[in-house]
Amino acid sequence: MLRFLLPLTLACSISIAHAQQNDDSLTLRKLADEVLTHSTAYANLKVLTKEIGGRLAGSPQMSKAEQWGFAALKAAGADTVYLQECMVPHWVRGDKEEVRIISKRRDFIPPLEVLALGNSVGSGPEGVTAPVIEVASFDDLEAKKDQVKGKIVFYNYHFNPTFIKTFHAYGDAFMYRAAGASRAARYGALAVIVRSMSHAANNFPHTGAMRYNDSFPKIPAVAIGLEDADKLSNRISDDKDMKVYLRTTCHFLPDTIGHNVIAELRGSEHPEQVITVGGHLDSWDVNEGAHDDGAGCVQSIEVLRALKAAGLRPKHTLRVVLFANEENGTRGGQKYAETAKAAGEKHIFALESDAGGFTPRGFSLTASPGQRAKVKSWAKLLLPYGLYDFDEEGGGVDVGPLNEQLGIPIGELSPDSQRYFDIHHAQSDVFEAVNKRELELGAFSMAALLHLVDKYGL
């Protein structure tokens, strides 16, 4: 009898699994239709970027953005919305940066296009005037260390064009922005100029956070646009007596109060267990912070709105977090994780969107092999929406502390990256650079993954 029952049992299991997959497919289709038809993400992003603009931690604009986020989450239908206080750094850019080539030649050279790196010190009112030494890498710096004292170091490290995923190029070049000033100051440099982390065909400089090693003097640091980086390199080669004048007025004010903006859609079965989704509300001051990370914020708000509108109340509590101070301190993400750990909260998964509002391709994950395999088992459900890449290691900066402190799996939406570093931390990161359809597809992708995690767990 058993030999007849086994095929019947197997057939029943296959039939149940097929029916379940069909049910999930219909649910995701319903969710996609809701987002692609009724999404508020693009309209929300326009308000955030055009009415508030750049939102550096500690600025008046950041405070306005917190108020905006609170109201937007209420309007999305959250059960509760609240602010979580955290202290944030208050770095101020000051006057427009000035970097000029000084030469005995009579040819006119316009000021170079530069931006001070975030958290850098100013040059002082007199500025810095010194010869420039160009280095191609940290190894090149070490080879030329005896020539550095009393000079401005120019890190002309190119964004590697051979990486297909441009975040790999960013990971390769990032250290020159982050640590270049202190590495040069160790050998007596007076300031540094860093080639922008981009391969865009324009001259916009790209700012971003740097950090000092307290063992060495703190010297001013600026990023330079790519066209001017090439001009400076050429000038160094054929004008041996030239100098550069560099003046910045950036400085720190005392830490001030910022807030994570948090909303909850209470779970129907396990309200004490939390799934987090979010983006960071702060941005650099030189742009509108549309892709970085206004897109992630409005997509996260849309996840909550769409799930509720589609009648898909989660079993676990869905918590949307608009994080404070990702760009130059990561204080918001640290505070959120510390508070969750101190309260003994049970977290299931955390997802972030902080890679731009471009066409979604998949998700990066920091998870166990079994957890990654479970996500990949949903590939057939997600592929019709263009989602296929689940192999990348990673997770957003703001949700990273949850993995470190609570040990939970984390993920990040992975949009197509080809255009992201054209605008990353540059003046060109504005509302007009965001495509409505791509933004909405990203919001749906996040909602779809979170629905499946909520239903089946990891």
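Right, let's walk through the structure included here. (Residues numbered from 1 in each chain as written. Predicted model: local features only at pLDDT ≥ 70, side-chain atom pairs only at ≥ 80, totals over all residues. Heavy atoms only, no water.)

**Quick notes on the packing of helix α2 (residues 41–52) against helix α7 (residues 290–309)**
The interhelical angle for the contact between α2 and α7, taken along N-to-C directions, is 135 degrees, at an axis separation of 9 Å. If you check the angle between α2 and α7, you find them oblique. By crossing handedness, the relation of α2 to α7 is classed as right-handed. Contact with α2, carried on its side by Ala41, Asn44, Leu45, Leu48 and Thr49, involves Ala290, Gly294, Ala295, Val298, Ile301 and Glu302 of α7 and no other residues of that element. Here the residues of the contact of α2 with α7 are counted per class, giving seven nonpolar, three polar and one charged. (Axes fitted to C-alpha atoms, helices over the stretch in contact; angles between N-to-C directions. Helix = DSSP H or I, 4+ residues; strand = E, 2+ residues; numbered from the N terminus. Parallel < 35°, antiparallel > 145°, perpendicular 65-115°, else oblique. Left-handed = near helix turned anticlockwise from the far one by under 90°. Contact = heavy atoms within 4.5 Å. Nonpolar A, V, L, I, M, F, W, Y, C, P; charged D, E, K, R; others polar.)

**What about helix α9 (residues 369–376)?**
Regarding α9, the residues found buried are Gln371, Arg372 and Val375. Relative to the axis of α9, the buried residues are bounded by an arc of 100 degrees and lie together on one face. Residues of α9 that are buried sit in contact with β14 (360–366), α10 (379–382) and α13 (436–456). (Buried < 20%, exposed > 50% of the residue type's maximum accessible area, 1.4 Å probe, protein only. Arc of directions from axis to C-beta.)

**Describing the sheet that holds strand β4 (residues 128–130)**
The sheet built from three strands is open, its strands ordered β2-β9-β4 with antiparallel pairing. With partners counted over all chains shown, the strands left at the sheet margins are β2 (98–102) and β4, one partner each. Looking at each pair of strands side by side, their axes are set apart by 15 degrees on average, direction ignored. (Pairing = 2+ DSSP bridges.)

**Thoughts on the nonpolar core**
Counting residues in each nonpolar core, the largest one holds 65 residues, and the members touching the most others are Trp68, Leu281, Leu318 and Leu322. Here this core gets ten residues from one element, more than from any other, and that element is α13. Ignoring any residue separated from it by four or fewer positions in sequence, one finds Leu322 in contact with Trp68, Gly69, Leu73, His259, Asn260, Val261, Gly279, Leu281, Cys297 and Ile301. Counting residues in each nonpolar core, the second largest holds 30 residues, with Leu117, Val153, Ala185 and Ile423 among its members. (Core = buried A, V, L, I, M, F, W, Y, C linked by side-chain atoms within 4.5 Å.)

**A short note on unusual backbone geometry**
The peptide bond linking Asp292 to Asp293 adopts the cis configuration, its omega dihedral lying at 0 degrees. Relative to the assigned elements, Asp293 resides in helix α7. In this structure, Asn325 is a non-glycine residue whose phi angle is positive, near 60 degrees. Looking at where Asn325 falls in the secondary structure, it is placed in the loop between β12 (316–323) and α8 (331–342). Residues other than glycine seldom take positive phi values, yet His425 does so here, at roughly 65 degrees. Residue His425 is classed as buried on the basis of its relative accessible area of 3%.

**Some thoughts on the pairing of strand β10 (residues 251–265)**
By the bridge criterion, twelve bridges tie strand β1 (residues 80–92) to β10 in an arrangement that is antiparallel. Counterpart to Thr80 in the pairing with β10 is Glu264. One ladder, built from five bridges, connects β10 with β12; its direction is antiparallel. Within the sheet, the bridge partner assigned to Val261 lies in β12 and is Leu322.

**Considerations on the pattern of salt bridges**
Counted by the stated rule, this structure contains 28 salt bridges. A salt bridge links Lys455 to Asp24, with the shortest nitrogen-to-oxygen separation between them at 2.7 Å. Of this pair, Lys455 sits in helix α13 while Asp24 sits in helix α1 (residues 2–38), placing them 431 residues apart in sequence. Here Lys455 falls in the partly exposed class, since its relative accessible area comes to 28%. The shortest N-O distance in the salt bridge between Arg331 and Asp255 comes to 3.3 Å. In this pair, Arg331 sits in helix α8 while Asp255 sits in strand β10, placing the two residues 76 residues apart along the sequence. Using a relative accessible area of 30% as the deciding quantity, one classes Arg331 as partly exposed. Several salt bridges share partner residues, and in doing so they unite Arg105, Asp107, Arg235, Asp238 and Asp239 into one network. (Salt bridge = Lys/Arg side-chain N within 4 Å of Asp/Glu carboxyl O.)

**Some words on the side chain of Glu302**
One can find Glu302 in helix α7. Look at Glu302 and you get buried, because its relative accessible area is 1%. Among the polar contacts listed, one links the side chain of Glu302 to the backbone nitrogen of Thr40, at a separation of 3.2 Å. Aside from chain neighbours lying at most four places away, what touches Glu302 is Val35, Ser39, Thr40, Ala41 and Ala443. (Polar contact = N/O pair within 3.5 Å; in protein donor to acceptor, adjacent residues only side chain to side chain.)

**Looking at the packing of aromatic side chains**
One pass over the structure, following the stated rule, counts 15 aromatic pairs. Ring centres of Trp91 and Trp284 lie 6.2 Å apart, and the angle between their planes is 85 degrees; on these two criteria the pair is classed as edge-to-face. Note that Trp91 is positioned in strand β1 and Trp284 in the loop between β11 (270–280) and α7, a separation of 193 residues in sequence. Taking the relative accessible area as the measure of exposure, Trp284 reaches 1% and is therefore buried. (Phe/Tyr/Trp six-rings, centres within 6.5 Å; stacked < 30°, edge-to-face > 60°.)

**So, the sheet that holds strand β3 (residues 114–116)**
Read from one edge to the other, the open sheet built from five strands follows the order β3-β8-β7-β6-β5, with strand pairing classed as mixed. Of all strands in the sheet, those with a lone pairing partner are β3 and β5 (132–135), marking the two edges. The mean angle between the axes of side-by-side strands here comes to 25 degrees, regardless of whether they run parallel or antiparallel. By the bridge criterion, four bridges tie strand β6 (residues 152–155) to strand β7 (residues 191–195) in an arrangement that is parallel. Along β7, the bridge assignment pairs Phe154 with Ile193.

Coordinates in, geometry out; function isn't part of it.
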